[in-house]
Protein chains: 2
Amino acid sequence: MPKQDRSRATRQRLLAAAVACLAERGWAGSTVSVVAERAGVSRGAAQHHFPTREDLFTAAVEYVAEERSDALRALFPQGATGDRRAVVTALVGLYTGPLFRAALHLWVAASNEEQLRPRVTELEARVGRESHRIAVELLGADESAPGVRETVQGLLDMARGLGLANLLTDDAGRRERVVAQWAGLLDDTLG
Amino acid sequence: MPKQDRSRATRQRLLAAAVACLAERGWAGSTVSVVAERAGVSRGAAQHHFPTREDLFTAAVEYVAEERSDALRALFPQGATGDRRAVVTALVGLYTGPLFRAALHLWVAASNEEQLRPRVTELEARVGRESHRIAVELLGADESAPGVRETVQGLLDMARGLGLANLLTDDAGRRERVVAQWAGLLDDTLG
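All values reported here derive from a predicted model rather than from experimental measurement.

Undergrad: Can you lay out the interface of chain A and chain B for me, pointing to particular residues and giving the numbers?
TA: By a widespread convention, an interface's size corresponds to the accessible area lost as its parts come together. Of the residues lining the interface, 41 residues belong to chain A; the matching set on chain B comes to 40 residues. In total, chain A and chain B occlude about 3,300 Å² of area from one another, counting both sides; carbon and sulfur atoms represent 67% of this. On the chain A side of the interface with chain B, the three residues burying the most area are Leu164(A), Leu168(A) and Trp182(A), jointly 20% of the side's total. Seen at the junction of chain A and chain B, the total is 2 salt bridges. Of the charged contacts, one joins Asp157(B) and Arg174(A) as a salt bridge, the two residues approaching to 2.9 Å between their closest N and O atoms. In this assembly, chain A and chain B are joined by 14 residue pairs in polar contact (both at pLDDT 80 or more). Going through the elements one at a time, helix H1 (3-25), helix H6 (98-112), helix H7 (117-139), helix H8 (148-165) and helix H9 (172-190) of chain A are the ones with two or more residues in the side of chain A that touches chain B. Counting residues per element, the side of chain A that touches chain B draws most heavily on H8(A), which supplies 12 residues. Taken together, the residues of the side of chain A that touches chain B sort by class into 19 nonpolar, 13 polar and 9 charged.

Next up, the structure:
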């Protein structure tokens, strides 16, 4: 593998390890050494890529944001299907996996760490706008009709809340019933 | 003040300080010393009440759970009002204040701290059941009708998600519009 590619691969491994570390051990347990060990990279190599913990986690924030966008776009590569329950199930699914857990740890850490806060806030706004745009498209919602914008926003807030409810216990059964019911309400509202 | 009352007052001050500390500095920044200083209590006195950090924060979890239940019950002391938008606004309001922030920090900490997890999970389930019961009552919802239970659950999930959206930025304007829209949908559904 050419040197440049190896370097890029190492960087990716470190970012993926940083995200996994955040999701599993939280901000307090996520140091450069811990992440380097998890990635199978020497501490020196890790510090070559990311001299400080803030450098590493700022890049990890961006990585999580991009992965979440990719995951969103990959849900229905052919676009809207007309099956709103499938769309709501898929959107909510994005909020219950390891990317959401990592993002949650970042938000909570950023709320207390001034060095993380501006970057996380900015990226979160970007992912939020993109999630909204993709949800509108997949649901076939007409935002020129009054209330439709807020209906979709409320749905994404619900998805975020369902993700949070899944943090400490496996909430899959209850979640499925809530999704079925709200997908029906959405169908009635969006027409 | 009799000695027993003084001791109870000190304990309450420590618990309130622990919650404020968690909301502002997160788990990592919340040690017994930091909490004692904030409460204006000597470190020795704090350790008399709570020998370890886990003792302090396990009691703080319970304190937060009780405060959240009290806040719920105090929303409409006369019971259901028929004004569903006011009820939804009040319920959502519970998820945007310092008690929610403290609870959020606890959930995230508990997801990584085995010593906190069982107690937080148990108390969260208790608060969740109580929130649901009170929401049903205030909304005048008839849970014997199909889908009503899941509609109310989804509403509380949305409230939780709105609280999370408020963590890094002031989201009040958007939140108000989402609440207005979903209170309308709820009215149509619950009849």
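Undergrad: Please provide a residue-by-residue account of helix H2 (residues 32-39) of chain A, values included.
TA: Residue and element names in this part refer to chain A. Every buried residue of H2 is accounted for by Val32, Val35, Ala36 and Ala39. All buried residues of H2 fall inside an arc of 100 degrees around its axis, so they share one side. For H2, the elements touching its buried residues are H1, helix H3 (43-49) and helix H4 (53-74). Looking one or two places after H2, you find Gly40, whose phi comes out positive at around 70 degrees.

Undergrad: With reference to specific residues and values, describe the pattern of salt bridges.
TA: For the structure on display, the rule yields 26 salt bridges over all chains. Two residues, Asp171(A) and Arg174(A), come together in a salt bridge whose shortest N-O distance is 3.0 Å. A relative accessible area of 18% means that Arg174(A) is categorised as buried. For Glu122(B), the salt bridge is made with Arg119(B), and the minimal N-O distance between the two is 3.0 Å. On the criterion of helical spacing, the pair formed by Glu122(B) and Arg119(B) is a turn pair, its members being 3 residues apart in helix H7 (residues 117-139). Glu122(B) gets classed as partly exposed once you look at its relative accessible area, which sits at 47%. You can call Arg119(B) partly exposed: its relative accessible area is 24%. Taken together, the shared-partner salt bridges in this structure form one network comprising Asp70(A), Arg73(A), Glu130(A), Arg133(A) and Glu137(A).

Parameters and conventions
Residues numbered from 1 in each chain as written. Chains lettered and ligands numbered in written order. Predicted model: local features only at pLDDT ≥ 70, side-chain atom pairs only at ≥ 80, totals over all residues. Heavy atoms only, no water. Contact = heavy atoms within 4.5 Å. Buried area = accessible area lost by both parts, 1.4 Å probe. Salt bridge = Lys/Arg side-chain N within 4 Å of Asp/Glu carboxyl O. Polar contact = N/O pair within 3.5 Å; in protein donor to acceptor, adjacent residues only side chain to side chain. Helix = DSSP H or I, 4+ residues; strand = E, 2+ residues; numbered from the N terminus. Nonpolar A, V, L, I, M, F, W, Y, C, P; charged D, E, K, R; others polar. Buried < 20%, exposed > 50% of the residue type's maximum accessible area, 1.4 Å probe, protein only. Arc of directions from axis to C-beta.

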